[in-house]
Amino acid sequence: MTSLRRHRTAPFVAAVLVGALAAGCATGGETDVSTTAAPTTLDASVVATSVAPSTAAAAAATTSSATTSPATSEVTTTLEPTTTAAPTTTAPPTTAPPTTTVPAFVETRELGRSVQDRPITAVRRGTPGGRVVLVIGVIHGDEDDGVAIIDLLEQQDVPAGIDLWLVESMNPDGQAAQDRHNANQVDLNRNFPADWGPIGVPGDGQYAGPSVASEPETQAMVAFVEEIRPDLIIWYHQDLFRINPGRGRDGAIRARYAELTGLPLVSITGGTYTGVAATWARRTIEPGVAFIVELGATLSPEEAQVHANAVLTIASEPN
């Protein structure tokens, strides 16, 4: 599979993204407002396939001694702008999350295919049966600095008891074209079955698609979340540099992530927020938590590391 990552030229290099404001979304960001409405039933069929991890063991014997090489596994994953650049802020230093050694476990799974037949892939790390955590690097194709955070999470030790799933991009076509939308010109973050409503027409910034969950990328993610039912989901966006405040347990976890990364807790307003992925996910996994992290216009390697540490910290803390 051909990788779509823009961050592979160095271990922790992040891309600079300065996007133009998509039509119909005044602030350039996303929000995920909690409501009590029940999610819309999705009439779609998605086939998810799983690929078992590969392991290799080699043994060589001599007349006087024998040596066994340890098993190894390796996973190769393929792969709302604003008119004003976000402020440059130095994130506070954080304590690295616990790195307790856990049994080796890696799984890759193809969740589905994009409009242009690119794979949407999830990588699993950590402890199967532990607390399920899902992190999505890209939903808007031109907001892909979150890939650098996913890259780090694929390499770092995962604390014991965490069942970590990583989706580099649920919009590989948009990422390849550096376009907010998928190949059908649909804003995938307006296409989920949470208060879905028609917005715009093809070519509009927030075009919600012809019907609820009409897009194969949306269908793949809906089926996956309903299957694994994470306790925590994080979606990365750009470039408002903030986290929308929440309430209760949800609000406490958002505030903790903000504290660890130096992002302010500031409301996001100005768009039409129907069919939003995080809102649908939160209702689906309740009492689980799902929220959006708005990165800034740029993300340095050091900042990416701060975010990766924050993910593992809040995943391992009692909350």
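These numbers were taken from a predicted model, which means no experiment stands behind them. Per chain, residues are indexed from 1 in the order of the written sequence. Residues qualify for local features only when their pLDDT is at least 70, as the model is predicted, and side-chain atom pairs are given and counted only at 80 or more; totals for whole chains, interfaces and linings, by contrast, use all residues. Excluding hydrogens and water, the side-chain values take into account all heavy atoms of the structure.

1. Here we look at the pairing of strand β5 (residues 119–126)
Sheet faces and side chains relate simply in a regular strand, where the side chains alternate between the two faces.
Link 1 in the chain: The element β5 is extensively covered by neighbouring structure, given that eight of its eight residues are classed as buried.
Link 2 in the chain: Pairs of strands are assigned from DSSP output, requiring at least two bridges between the strands. Going along the chain from the N terminus, every DSSP run of H or I of four or more residues is numbered as a helix, and every run of E of two or more is numbered as a strand. As paired strands, strand β4 (residues 106–113) and β5 are joined by seven bridges and run antiparallel to one another. The residue of β5 that forms the bridge with G112 is I120.
Link 3 in the chain: With antiparallel pairing between neighbouring strands as the criterion, β4 and β5 make up a hairpin whose turn holds five residues, including D117 at a positive phi of roughly 70°.
Link 4 in the chain: Inspection of the sheet shows β5 paired to strand β7 (residues 162–167) by five bridges, in the antiparallel sense. Across the sheet, the residue bridging to R124 is W165, located in β7. We call a residue buried when its accessible area falls under 20% of the maximum for its residue type, exposed when it is over 50%, and partly exposed in between, using a 1.4 Å probe and counting protein chains only.

2. Examining helix α4 (residues 248–261)
Link 1 in the chain: Here, expected helix span is obtained from the residue count minus one, scaled by 1.5 Å. Between its terminal C-alpha atoms α4 stretches 20 Å, which fits the 20 Å expected from 14 residues at 1.5 Å a residue.
Link 2 in the chain: Along α4, the residues that are buried comprise D250, G251, I253, R254, Y257, A258, L260 and T261.
Link 3 in the chain: Contact definition: two residues touch when any of their heavy atoms are within 4.5 Å. Buried-residue contacts for α4 involve β6 (131–136), β8 (232–238), α5 (277–285), β9 (289–295) and α6 (301–316).
Link 4 in the chain: Remark: G262 follows α4 within two positions and exhibits a positive phi of approximately 85°.

3. Observations concerning the side chain of R124
Link 1 in the chain: Mapped onto the fold, R124 is located in strand β5.
Link 2 in the chain: Residue R124 is classed as buried on the basis of its relative accessible area of 14%.
Link 3 in the chain: Polar contacts, as used here, are pairs of N or O atoms within 3.5 Å; protein pairs need one atom able to donate a hydrogen and one able to accept it. Residues neighboring in sequence count only if both atoms are side-chain atoms. In terms of polar contacts, R124 uses its side chain to reach the side chain of D163, at 2.7 Å.
Link 4 in the chain: Sequence-distant contacts of R124, defined by excluding residues within four places in its chain, comprise F105, V106, E107, G129, D163, L164 and W165.

4. Side note on the packing of helix α1 (residues 146–153) against α6
Link 1 in the chain: Packing of α1 against α6 leaves a shortest axis separation of 9 Å and a crossing angle of 60°. Relative to α6, the element α1 is oriented oblique. Note on packing geometry: the crossing formed by α1 with α6 is right-handed. Side by side, α1 and α6 meet where A148, I149, L152 and L153 of the first sit next to A304, Q305, H307, A308, V311 and L312 of the second.
Link 2 in the chain: For this classification, the nonpolar set comprises Ala, Val, Leu, Ile, Met, Phe, Trp, Tyr, Cys and Pro, the charged set comprises Asp, Glu, Lys and Arg, and every other residue, Gly included, is treated as polar. Taken together, the residues of the contact of α1 with α6 break down into eight nonpolar, two polar and no charged. To define axes, lines are fitted to C-alpha atoms, for helices over the stretch in contact only, and angles between the resulting N-to-C directions are given on a 0 to 180 degree scale. Convention used here: angles under 35 degrees read as roughly parallel, angles over 145 as roughly antiparallel, angles from 65 to 115 as roughly perpendicular, and any remaining angle as oblique. Crossing handedness: left-handed means the near helix sits turned counterclockwise from the far one by under a right angle, and right-handed means the same turn made clockwise.

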